[in-house]
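# Structural overview
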Amino acid sequence: MNATTFLGFAAATFGVAMGLSPLLQLRRVVARGSSADVSLPYLGVLLVGFVLWLAYGIALSNPALIVSNTAAIATYALTTAAVLRFR
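Once a new chain begins, its residue numbering starts again from 1 and follows that chain's sequence as written. In keeping with the model being predicted, local features are shown solely for residues with a pLDDT of at least 70 and side-chain atom pairs are shown and tallied solely at 80 or more, while totals for entire chains, interfaces and linings include all residues. Hydrogen atoms and water are omitted, and side-chain values are computed over all heavy atoms in the structure.

### Side note on unusual backbone geometry
The following threshold applies: Only runs of H or I of at least four residues qualify as helices and only runs of E of at least two qualify as strands under DSSP, and these elements are numbered from the N terminus.
Even without being glycine, Ser61 reaches a positive phi, approximately 55°. Its location among the elements puts Ser61 in the loop between α3 (40–60) and α4 (63–85).

### A few points about the nonpolar core
Which entries qualify depends on this criterion: As used here, the term nonpolar core means buried Ala, Val, Leu, Ile, Met, Phe, Trp, Tyr and Cys residues forming a set that is joined through side-chain atoms within 4.5 Å. Whether a residue is buried, partly exposed or exposed follows from its accessible area with a 1.4 Å probe, protein chains only, as a fraction of its type maximum: under 20%, in between, or over 50%, in that order. Residue contacts follow a heavy-atom distance rule, with two residues in contact if any of their heavy atoms lie within 4.5 Å.
Val29, Val38, Leu43, Leu46, Phe50, Ala72, Tyr76 and Val83 together form the largest nonpolar core, which totals eight residues. Secondary-structure elements contributing two or more residues to this core are α3 and α4. In this structure, Val29 is in contact with Ser34, Ser35, Val38, Ala82, Val83 and Phe86, ignoring residues within four places of it in sequence.

### Quick look at helix α2 (residues 22–32)
So the rule is basically this: This arc describes the spread of directions from the helix axis toward the C-beta atoms.
For α2, the set of buried residues is Pro22, Leu26 and Val29. Buried residues of α2, seen end-on, are gathered within an arc of 65° and therefore sit on one face of the element. For α2, the exposed residues lying more than 90 degrees away from the buried face are Leu24, Arg27 and Ala31. Structurally, α2 contributes buried residues whose contacts are with α1 (3–20) and α4.

### Some points on the confidence of the model for the chain
A low pLDDT score tells you not to read the predicted coordinates there in detail. Our working definition: pLDDT is a residue-level measure of predictor confidence that goes from 0 to 100.
The predicted model of the chain averages 91 in pLDDT, with 100% of residues at 70 or higher. Highest mean pLDDT in the chain belongs to α3 (94); lowest belongs to α1 (88).

So this is what it looks like as structure tokens:
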């Protein structure tokens, strides 16, 4: 495996991990039964970023960007749904 392939694999792996990281916030919201301390504008900024990176990945036909940002958008949807439910 050459350096470029390794970096692509590492970036995709950590991109998916980063995309799944809002699940940590989701876990806290559900455990506390409240989302009062979660910023809705923050979630909006995340969504814009995820959508832009996904669009960029699609434009480049780059699977690493497509997979990681698709995972991120799915996680975002779950987190936002919980935040709104526990508001």
